[in-house]
Amino acid sequence: MRELQFREALREAMSEEMRRDPRVFLMGEEVAEYNGAYKVSQGMLDEFGPERVIDTPIAELGFAGIGVGAAANGLRPIIEFMTFNFSLVAIDQVINSAAKIYEMSGGQYNAPIVFRGPTGNAGQLAAQHSSNFESWYANTPGLKVVIPSNPADAKGLLKSAIRDNDPVIFMESEQMYGDKGQVPDGEYLIPIGVADVKQEGTDVTIVSFGKVIPRIVMPAIEELQKEGISVELIDLRSVRPIDYGTLVKSIKKTNRCVVVEEAAPLASISAEVAYHLQRYAFDYLDAPVARVTSRDVPLPYAPTLIEEVLPNAKRVVSAVKSVLYRN
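Residues numbered from 1 in each chain as written. Predicted model: local features only at pLDDT ≥ 70, side-chain atom pairs only at ≥ 80, totals over all residues. Heavy atoms only, no water.

Peer 1: Can you walk me through the overall build of the chain in this structure?
Peer 2: Scanning the chain from N- to C-terminus turns up twelve helices and 14 strands. By the compact-globule yardstick of 20 Å for 327 residues, the chain fits well, its C-alpha radius of gyration being 20 Å. Expressed as a percentage of its 327 residues, the buried residues of the chain come to 56%. In the chain, the share of contacts with a sequence separation of at least 24, taken over all contacts with a separation of at least 6, comes to 80%. Accessible surface for the chain amounts to roughly 13800 Å². Of this, 52% is attributable to carbon and sulfur atoms. For the chain, the distance from the average site of its 33 positive side-chain charges to the average site of its 43 negative ones is 4 Å. (Helix = DSSP H or I, 4+ residues; strand = E, 2+ residues; numbered from the N terminus. Rg over C-alpha atoms; globule rule 2.2 N^0.38 Å. Buried < 20%, exposed > 50% of the residue type's maximum accessible area, 1.4 Å probe, protein only. Contact = heavy atoms within 4.5 Å. Areas by Shrake-Rupley, 256 points an atom, 1.4 Å probe, with all protein chains shown as cover. Lys, Arg positive; Asp, Glu negative; His and termini not counted. Charge placed at Lys NZ, Arg CZ, Asp CG, Glu CD.)

Peer 1: Even after reading the chapter, I still don't get helix H8 (residues 212-226), so can you show me in this structure?
Peer 2: Owing to its 3.6 residues per turn, the α-helix aligns residues three or four sequence positions apart on the same side. The terminal C-alpha atoms of H8, which comprises 15 residues, lie 21 Å apart, in line with the 21 Å expected from a rise of 1.5 Å per residue. Largest kink in H8: about 30°, centred on Met218, with the proline Pro219 one to four residues after it. Those residues of H8 that fall on the buried side of the exposure criterion are Val212, Ile213, Ile216, Val217, Ala220, Ile221 and Leu224. Where the residues of H8 are buried, they touch strand S9 (196-199), strand S10 (204-208), strand S11 (231-235), strand S13 (257-260) and helix H12 (313-323). Just downstream of H8, Gly228 is the residue with a positive phi angle, here 80°. (Expected span 1.5 Å × (residues − 1). Bend = angle between axes of the 7 residues up to and from the residue.)

Peer 1: Just checking my understanding: could you explain the layout of surface pockets for this structure?
Peer 2: Left-over empty space is what a probe sized like a water molecule reveals as it rolls over the atoms. In this structure, the largest pocket spans a volume of roughly 340 Å³. Around the largest pocket, the lining is made up of 20 residues, and of these Ser131, Asn132, Ala263, Ala264 and Val297 lie nearest the centre. Considered class by class, the residues forming the lining of the largest pocket number twelve nonpolar, six polar and two charged. Looking at the second largest pocket, it is lined by 13 residues, and the ones nearest its centre are Ala138, Val239, Ile242, Ile269 and Glu272. Here the element with the most residues in the lining of the second largest pocket is helix H10 (residues 269-280); it accounts for three residues. Residue classes in the lining of the second largest pocket are distributed as seven nonpolar, four polar and two charged. (1 Å grid on protein atoms, 1.4 Å probe; cavity = no way out; pocket = protein on both sides within 12 Å on 5 of 7 lines; lining within 4 Å. Points joined across faces, edges and corners; volume = space filled by probe spheres on them. Nonpolar A, V, L, I, M, F, W, Y, C, P; charged D, E, K, R; others polar.)

Below you can see the structure in the form of structure tokens.
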């Protein structure tokens, strides 16, 4: 085991896969000469050269389309968006080309491509640079959507995503790139679609994913533990597919559930999880499934308003107590 930053784990995953498979290449804005907007690809240009680490113009639709075409012709591109807010410019290529090419071609073509970059808020970046697109992309058949919460998962899941024959949306966070964590040595892959029970408990299950876990859920669990509340924490790791089997198994033990995510509430991942739990674990629930999400407004710029809109540990604690009928 070694301690790596989140960005270092991502870089290691990409570099290992590029050494292993000459078909893999990285393309995006500032990934080469500038070493990546967040220094994720630092040093990769020197090792792999400009034919495999490719700087692009500010033209997401163009380089996403080039990536899809390359994937359909046997290469395995990694397309970096500076933020998934900018992926909206390229969304036609992601959804109407990458996600549907296998079905539209009757299985003659597939698109083994990874679209990666940060999602969600990163501080005072205002509404246009702070959206959460997990449920947008998870709503599209043909895509897989992966959201790691720590450096080890980032490496293991990204390597699996690069090897996957389907298009994968790989979502990170600007706030997590400097996070440190233990990463296993040697070949390390995590299968897509398998949730992680990060902590076992008996009183309530908390389900979440991505940066919400270290920044909001873990501090909330620490507060709950002080009051003698035992929390089982499940990290989804991917939101398409979702590992419902692990969730239902946990609910059969704890009988209560709180789902936490940063997105707005309507048509969110937490809404989908809540539906499936009442559909497949209704007889085991002793309280309605509770959700903690952002408020249903565009994210403001002012820090006081950001604090009011985003989920936080206090709201998670309150939600847990509500399903335990302790409020």
